[in-house]
Amino acid sequence: MSTTTVAHHEEHHDHPAGIMRWLTTTNHKDIGTMYLTFSLIMFFVGGSMILAIRAELFQPGLQLLNPEFFNQLIGVHALVMIFAALMPAATGFANWMIPLQIGAPDMALPRLNNWGFWLLPPSAILLTLPFTLALFGIGDGALATGWTFYPPLSVQGGIGVDFAIFAVHLLGISSVLGSINIIVTLFNMRAPGMTLMKMPMFAWGWLITAFLLIATIPVLAGAVTMLLTDRHFGTHFFDAAGGGDPIMFQHLFWFFGHPEVYILLLPVWGFIPQILETFSRKPMYGYKAQVYSLWAIGALAVVVWAHHFFTAGMPVPALLYFMYSTMAISLPLAVLFFCWIKTMWKGSMSFETPMLFAVGWIILFGIGGLTGLVLADVAADAQYHNSYFVVAHFHYTLFAGGIMGIMAGTYYWLPKMTGHMYSEKLGKLHFWLTAISFNLTFIPQFFLGLAGMPRRIPDYALQFAEFNMISSIAAFVLGFSQLLFVYNIVSCARGGKKATDQVWEGAKGLEWTLPSPPPYHSFTEQPTVK
Amino acid sequence: MQGFRKIGLGVLAMLASLNAYADYSWNFPLPATPMALDTLHVHNKFMTITGIIFIVVLAIMIYSIFAHRKSKSYKPVADKAPSTAVEIFWTLIPFAILLLIDFVIMGIPAYHSVIMMEDTRDKATMVIKITGSQWRWQYEYMDGDAKGIKFVSNLSTPKEQTEKGFQGVKDADYLLEVDNRLVLPVGEKVRVLMTATDVLHNWWVPQFGSSRVAVPGFLRETWVQVDRAGTYRGQCKELCGKGHGYMPIVVDAVPMEEFKVWVAAKKEELSKASAGADKEWTKEDLVATGKGVYEKNCAVCHQVSGAGLPPAFPALTGSKIANGPIFGADGKYLKDSHLDRVLNGVRVMPSWKALLNDTEIAAVITYERNALGNSVGDVLQPAQVKAARQ
């Protein structure tokens, strides 16, 4: 980046207005905004699907949905939430904040960035179209296999499976493009003086995420392509009759699927410590220990996949290896938890909405992590596996650990992005409603699982009625509370109290040295980091 | 701060309930096998350990939240990072604690549980084979007196109760009742072989503590030793299509003497049924028997009326196959004929060869051709089905 080109771009003369601004933009902040908006919309799409399911499960007996349609909803809910809500939200923050945090004018590969985003809407359409058409009586609906595509059920399924396979291909390409962009940006565009070990934690979280994505997305793409050829071109990768093995798909899928959990969580583990240090008014504890822990988790993520299907049958040594390696993930996580709490310890804490979300996040994600440790045990897993216990566990990691983390980040950076303060009162209300209704939704599901309710069933035996009823009511409160989130974001974008450059009293880092909102081209002069 | 207290209380309640062995709706159901008992112990132990970790960490955090607040004018400690040595020392403490918990306190019992769970062969006194199909279980006794007993087990909750919008009173064992129960002798270690004919299924009885995926084309194994007589219920727990929620498991565990009586009775019942295959049946008898077979096995997809659920599940009423010829000029059944479909299946349509006996196949085909709006008028005899199998 020479200074002459930087000077040339100072004026806002070179981008069109209106719709063309958004279609053609290569600006990291515009693209970030589009990612975040897309993610918010899809969050509600996925959420309304699950509310239909919770309404059906409100009491025993079939009330609203056919079993076929129920099976489509569960799978599409998961795919939408993971690929179209959570991942784009993290990518949106990366686009917005990484250049600001490392003192760069933009991302390294702006056109790639634009392409990465515009692959998302078509794939969201591919995911939801078969299902929408089926509502109008056309075709046989979306994939009904759950988000995991397990053959032979997925080989047997209708055209919805093919739609989902191509959607996953597009989403995968988009993620890999985003990852390449982030790695190139972080390696080449840091401000002078910012060594790798001085990078903000969010940048570290994303760097490892990006490597995980590049390592695992191709495996998923390969696995679903093999599925596609099994379905239409007479191959037998997953068919025992032709020498294949259905369980091989599970190995391939979870080789991607387990790192995916960390792909969703690592960016959050990046910015939560930043929020904690801001509102504790004290530098984060154990920066190096945290960076090494993130790397350790990234490395362990790709060697523990088979704990997702212990009951599928495996030799004893494999069971033991996957059990112990899974348990080992708790070691770096314990270090992270320690550092997060030590950052708060003896700080001067105040509890604005981002801090509330961050602290609530530590507690709830803690429950997700600890139940994960218990799930690693092979013998007990025979009971937990595919029961509601697992459903509750992964919603503690992905809703509390993922989405509530994203909410913390949203409230933290919203004043920086919009230049206005959001309503603190509504933000706090949103937090308490979310935290309480979330727990009331999922704590009963732990007990349902222990009592023996399998997941993915449209109707259930009478002994499960009470817990399901509590869970359904709380799920509706949880769902409708999120309207507050939208209201808060929209009204903050439209106006409100002006935000200062630093926004938060204890905020440190390059993004807080720019005006709120930051200029169109973030840093026109490279800052220097001591 | 009420929220934190609430969460804390909730967790305390959760922990307290773990030790309340009497109240099993808060924990695993009462174990009936050594494996389930072991699983319960492991679960309780691990939950207690993780519960303690959670409470201790939460307590420290809550203390800090109350003590170190700006609103109480608490001044942050010196604004500089700790030295690397101090930092490494402190961060190694949680690392070491978890190392001990993971690989010693939890790791050692977990190891023994795995070894026990996977030991399917030692001291096993009998072998059964369980086959999962969309959406029913088939049980076969592989050795001993019971060798050769083989039957299919279907959901027997009345159909109207499971239909959309049913308003009446449901059975106590709604969705958890079958027509033919698996019967096992108490106290005997039974080796269980598991397979499937179409997609993945998972045979799971929570009180047995074992669950294993049934994989088409492969044999998986596990074991069951029921130590208390009684009736045990479970469900399929691997998503297997639209009937996934409708393939329950019911096991009667009975004392050995009673088991022997059951074996003798079941054998006689089965031999009677196969004897029926050799006699000549009237059309009326076949249609009457076929109606029952159809509604139990075929109506899930093809519907009671025969209208099907196109495009996935075609209608039988007016179908080319159900109204076409079965046998060719040479007396052999035709490819893609009605009998070929039922025996061998195609795509989503399962093969019924192993699931239904000769009489049932003959009856259901005769029923489909002479009811459901079809009137071909011909009769398929069980003997013809028997010949077709060869």
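Rules used throughout
- Residues numbered from 1 in each chain as written.
- Chains lettered and ligands numbered in written order.
- Predicted model: local features only at pLDDT ≥ 70, side-chain atom pairs only at ≥ 80, totals over all residues.
- Helix = DSSP H or I, 4+ residues; strand = E, 2+ residues; numbered from the N terminus.
- Rg over C-alpha atoms; globule rule 2.2 N^0.38 Å.
- Buried ≥ 20, exposed ≤ 12 C-beta atoms within 10 Å, placed from the backbone.
- Contact = placed C-beta atoms within 7 Å.
- Nonpolar A, V, L, I, M, F, W, Y, C, P; charged D, E, K, R; others polar.
- Pairing = 2+ DSSP bridges.
- Axes fitted to C-alpha atoms, helices over the stretch in contact; angles between N-to-C directions.
- Domains from an automatic or database assignment.
- Arc of directions from axis to C-beta.
- Parallel < 35°, antiparallel > 145°, perpendicular 65-115°, else oblique.
- Left-handed = near helix turned anticlockwise from the far one by under 90°.
- pLDDT = per-residue confidence, 0-100.

1. Description of the overall build of chain B
Then comes step 1: A tally of helices and strands in chain B yields 11 helices and 10 strands.
Then comes step 2: Over its C-alpha trace chain B gives a radius of gyration of 29 Å, far above what one expects of a compact globule, namely 21 Å for 390 residues.
Then comes step 3: The C-alpha extent of chain B, read off along each of the three principal axes, is 100 × 50 × 45 Å.
Then comes step 4: Expressed as a percentage of its 390 residues, the buried residues of chain B come to 37%.
Then comes step 5: Contacts in chain B between residues far apart in sequence, at least 24 positions, make up 64% of those at least 6 positions apart.

2. Focus: the environment of B:V226
All names here are of chain B.
Then comes step 1: Relative to the assigned elements, V226 resides in the loop between β8 (220-224) and β9 (230-236).
Then comes step 2: In this structure V226 comes out as buried when scored by C-beta crowding, with 25 C-beta atoms within 10 Å.
Then comes step 3: Each residue touching V226, except ones within four places of it in the same chain, is listed here: A32, T33, L184, V186 and A253.

3. Considering the interface of chain A and chain B
Then comes step 1: Residue-level contacts link 85 residues of chain A with 90 residues of chain B.
Then comes step 2: Each residue belonging to the side of chain A that touches chain B can be placed in one class, and the counts come to 54 nonpolar, 22 polar and nine charged.

4. Comments concerning the sheet that holds strand β3 (residues 150-153) of chain B
Residues and elements named next belong to chain B.
Then comes step 1: Spatially, the five strands line up as an open sheet ordered β3-β2-β1-β5-β8, and their pairing is mixed. The sheet is open, and its two edges are formed by β3 and β8, each paired on a single side. If you compare each strand with its neighbour and ignore which way they point, the axes differ by 25° on average.
Then comes step 2: As paired elements, strand β5 (residues 190-196) and β8 share five bridges and run antiparallel to each other.

5. Quick look at the domain arrangement of chain B
Residue and element names in this part refer to chain B.
Then comes step 1: Its domain assignment divides chain B into domain 1 (2-118), domain 2 (126-160 + 172-273) and domain 3 (277-389).
Then comes step 2: Taken together, the contact pairs 10 residues of domain 1 with 12 residues of domain 2.
Then comes step 3: Partitioned by chemical class, the residues of the side of domain 1 that touches domain 2 number eight nonpolar, two polar and no charged.

6. As for helix α5 (residues 110-118) of chain A
Working note: α-helix, 3.6 residues per turn, so residues spaced by three or four point in the same direction.
All names here are of chain A.
Then comes step 1: Of the residues making up α5, those classed as buried are N113, N114, G116 and F117. End-on view of α5: buried residues confined to an arc of 160°, all on one side of the axis.
Then comes step 2: Elements that come into contact with the buried residues of α5 comprise α3 (28-56), α4 (67-102), α6 (120-135) and α8 (159-188).

7. Some remarks on the packing of α6(A) against α8(A)
Residue and element names in this part refer to chain A.
Then comes step 1: Two elements in contact, α6 and α8, have axes separated by 8 Å at closest approach and are oriented at 165°. Classified by the angle their axes make, α6 and α8 are roughly antiparallel. At the point where α6 passes α8, the crossing takes the left-handed sense. When α6 is examined against α8, the residues L120, P122, S123, L126, L127, L129, P130 and F131 are found in contact with a partner set consisting of I159, G160, F163, A164, F166, A167, L170, L171 and S174.
Then comes step 2: When grouped by side-chain class, the residues that make up the contact of α6 with α8 number 14 nonpolar, three polar and no charged.

8. Points about the confidence of the model for chain B
Residues and elements named next belong to chain B.
Then comes step 1: In this model, chain B carries an average pLDDT of 85, and 93% of its residues clear a pLDDT of 70 or more.
Then comes step 2: Counting contacts from residues 15-23, a segment whose pLDDT is below 50, to residues more than four positions away or on other chains yields 10 contacts.
Then comes step 3: Two numbers describe this predicted complex: its pTM, 0.87, and its ipTM, 0.87.

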